[in-house]
Amino acid sequence: MTSRVTSDLDPFSPEFRADPYPRYAELRALGPIVWLDRYGIWVVSHYEQVRAVLTDWEIFSNAGGGGLANYFTTPPWRPPSIILEADPPLHTRTRAVLMRVVSAMAVRGMRHGFQQVADSLIDRALVRGTLDAIPDLVQPFPLTVFPDAVGLAKDVRENLLTYGAMVFGAFGPSTPWHEELMLQAPAVGDWILAHCARDALTPVGLGASIHAAADTGEITAEEATLLVRSLLSAGVDTTIDSIGLALRCLIDHPDQWRLLRDDPSLARAAFEEATRYDSSSQSLFRTTLRAVEFAGSDIGKHEKVLVLVGSAGRDPARWDDPDRFDIRRKLTGQIGYGAGIHGCVAQMMARLEGEVFFQSLATKVKTLDSAGPSALRLNPGLRGLTQLPIAMN
Ligand code: OVV
């Protein structure tokens, strides 16, 4: 006997998103899979089912789109990603190229450049003392180091955040904010693709390495351009938001900040814990390729499943005292980067960015305090802050 538990919770409403964790607990209490009446979608919120859905790509497909929109019934807003919004065998081929390009070896060589940018941003922030950390300290870091690593020309970065807002806005339901933004989609979509072409990129960099894979026939030239676009889609807003949220965690937990300041070698662990505790990536979607019985419910073919990785990171069945932000936690089984064949391909680069940023902060900064309320961004596809006033010296 299968059953269907339903809820009228709206995980995309501003109220829910402002503080999703108590609502996630309500959803978990309802059962391992719940039908959300408002959107006509399924939702999983427990660590076990989140991991199970993410690792079963033969049923829970990505070809139906990474967001709420169902590509099996609605045309995608942009040429779909050939890695995020693709299943094997296409995905296997494209993922292999990106995996190699952002391999541990490649990432190791980036540390020094990341360090120089982080040091200089933190030095400048220290001169000011009081500032809004999001626009003036956090944003400029990934927005500099990531496009530099890809090999984007220095003078063509102004639309990156607009493009990123479109990508992650398209993950959620349509809102007046998103519809207004999408008026620029044709122009910004063309702009980004033009700058992902081989001759628009520097001769050395992640972009050039992707295009080199077209020379061996592993991928086509058009696929190379789309894979560069994937890096720029997934690599900027995500790390801005993760670092911003991690910084807020440290400000909200002064005891943890003091631990880090007294031992900057905890920087990587602090960023890792923040990625569990308050990940920029809270929700992913899968679409079923066929009807399936899952965790006691009958899911139909081509139905959307919302996968709450943010809730999985707080599931008491998996974590001791999950609502405690503890940078000394021995953290294994991270879910904040997703899992399975679509798990974040450049997560080692993201971790390096976080480690370098917080190590530099811990080394240079003595006191770190809030200087006003933080504010959450409207974009429903990615959790992040628009403002975080801080005082430091
Ligand atoms: C992981 C991710 C997020 C957003 C966009 C893409 C990937 C992409 O491949 O375009």
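Please read all numbers here as calculations on a predicted model, not as lab measurements.

Visitor: Describe the environment of Val34, with residues and values.
Guide: Note on placement: Val34 falls in strand S2 (residues 34–36). On the accessibility criterion, Val34 (1% relative accessible area) is buried. On a C-alpha basis, the gap between Val34 and Asp119 in space is 46 Å, while along the polypeptide they are 85 residues apart. Setting aside its immediate chain neighbours within four residues, Val34 contacts Val5, Thr6, Ser7, Leu27, Ile41, Trp42 and Val43.

Visitor: Help me get a handle on the pattern of salt bridges, residues and values and all.
Guide: Applying the stated criterion across every chain yields a total of 22 salt bridges. Its salt-bridge partner being Arg38, residue Asp10 comes within 3.0 Å of it at the nearest N-O pair. In this pair, Asp10 is assigned in the loop between strand S1 (5–7) and helix H1 (14–18) and Arg38 in the loop between S2 and strand S3 (41–44), connecting sequence segments 28 residues apart. Judged by its relative accessible area of 12%, Asp10 falls in the buried class. Close ionic contact of Asp326 with Arg324 constitutes a salt bridge, the shortest N to O distance being 3.0 Å. Here Asp326 falls in the buried class, since its relative accessible area comes to 14%.

Visitor: An account of the packing of helix H14 (residues 237–252) against helix H18 (residues 347–364) is needed here, citing residue identities and associated values.
Guide: The relative placement of two packed helices comes down to the angle between their axes together with the axis-to-axis distance. The N-to-C vectors of H14 and H18 enclose an angle of 40 degrees; their axes lie 10 Å apart at closest approach. As the angle between them shows, H14 and H18 are arranged oblique. Considering only the axes of H14 and H18, their crossing is right-handed. Taking contact as the criterion, the partners of Thr239, Ile243, Ala246, Leu247 and Leu250 in H14 are, on H18, Ala350, Glu353, Gly354, Phe357, Phe358 and Leu361.

Visitor: Tell me about the sheet that holds S1, residues and numbers included.
Guide: Here 6 strands make up an open sheet; going across it, the order is S1-S2-S3-S9-S6-S4 and the pairing mixed. Edge positions in the sheet fall to S1 and strand S4 (60–61), since each has one partner strand and no second. Sheet analysis places S2 next to S3, joined by 3 bridges and oriented antiparallel. Its bridge partner being in S3, Leu36 is matched across the sheet by Ile41. Of the strands in this sheet, S3, S4, strand S6 (283–288) and strand S9 (304–308) touch helix H3 (residues 47–54), which is tilted by about 130 degrees from S9.

What counts as what
Residues numbered from 1 in each chain as written. Predicted model: local features only at pLDDT ≥ 70, side-chain atom pairs only at ≥ 80, totals over all residues. Heavy atoms only, no water. Helix = DSSP H or I, 4+ residues; strand = E, 2+ residues; numbered from the N terminus. Buried < 20%, exposed > 50% of the residue type's maximum accessible area, 1.4 Å probe, protein only. Contact = heavy atoms within 4.5 Å. Salt bridge = Lys/Arg side-chain N within 4 Å of Asp/Glu carboxyl O. Axes fitted to C-alpha atoms, helices over the stretch in contact; angles between N-to-C directions. Parallel < 35°, antiparallel > 145°, perpendicular 65-115°, else oblique. Left-handed = near helix turned anticlockwise from the far one by under 90°. Pairing = 2+ DSSP bridges.

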